[in-house]
Amino acid sequence: MDEKTTKKLADILSQIDNELEMQKYMKHQKVTDSYKTFVEYYKSLTSVKKLSDSELIKLSGVEKSYYYQIMKGTRKPSRDKVLRLCIGAGLTSEETTRALELNECAILYPMNKRDIILSVAINQHASVMDTNLLLDKYGENPLS
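From a predicted model like this one, the values you see are computed outputs, not experimental measurements.

Colleague: Looking at this structure, how should I read the nonpolar core?
Modeller: Where a protein is soluble and globular, its nonpolar side chains tend to be buried together. Within the largest apolar cluster, 31 residues are counted, with the highest numbers of intra-cluster contacts made by Phe38, Tyr42, Ile70 and Leu85. Take this core: its biggest share by element is 6 residues, from helix α7 (residues 79-89).

Here it is as structure tokens:
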């Protein structure tokens, strides 16, 4: 089956009004990925797998012990820490959005000045340092 946009899938889904049709829809669509946690998802990504823990710590600027607590699941990272980890690993906008969702954080909002800057930085594959410089340039708080 060809990939459909979320809008088209939403249109199809809006027409389903019975359980049989729902089952058919779920059988033929990739409904969701199987990841339950941010850490599980993050560790599965190709760009993350290419980097060692020490490289991810350096690139993200997340403190070493805090990073390992996140990866062991003993600490839940803040939205900014998730963004630091995603930007440090060079994740795409879509991958970053999914990471934020799995960590139960707000996704980047296209009407929020800070989130617009963060989105552009992610799309440019900027480093965390360059992202923070861009945020500062526009009077926004850096990633904490």
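Colleague: Please explain the pattern of salt bridges as it appears in this structure.
Modeller: Oppositely charged side chains can form a pair if their charged atoms are brought close together. Under the defined criterion, the tally for this structure stands at 5 salt bridges. Lys113 is the partner of Glu140 in a salt bridge, and the nearest nitrogen-oxygen pair spans 3.9 Å. One end of the pair, Glu140, is in the segment after α10 (128-137); the other, Lys113, is in helix α9 (residues 113-123), with 27 residues separating them in the sequence. Exposure remark for Lys113: the relative accessible area of 44% places this residue in the partly exposed category.

Colleague: Would you mind going over the environment of Ser93 with me for this structure?
Modeller: In this structure, Ser93 sits in helix α8 (residues 93-102). The spatial distance from the C-alpha of Ser93 to the C-alpha of Leu59 is 17 Å, given a sequence separation of 34 residues.

About the cut-offs
Residue numbers run consecutively from 1 along every chain, following the written order of its sequence. Restriction of local features to residues with pLDDT of at least 70 applies here, the model being predicted, together with a cutoff of 80 or more for giving and counting side-chain atom pairs; totals for whole chains, interfaces and linings are based on all residues. Only hydrogens and water are set aside; all other atoms, that is, all heavy atoms of the structure, feed into the side-chain values. In these notes, a set of buried Ala, Val, Leu, Ile, Met, Phe, Trp, Tyr and Cys residues joined through side-chain atoms within 4.5 Å is what counts as a nonpolar core. With a 1.4 Å probe rolled over the protein chains alone, any residue whose accessible area is under 20% of its type maximum counts as buried; one over 50% counts as exposed, and the rest are partly exposed. Helix numbering and strand numbering both begin at the N terminus, where a helix is a DSSP run of H or I of at least 4 residues and a strand a DSSP run of E of at least 2. By salt bridge we mean one thing: a side-chain nitrogen of Lys or Arg within 4 Å of a carboxyl oxygen of Asp or Glu.

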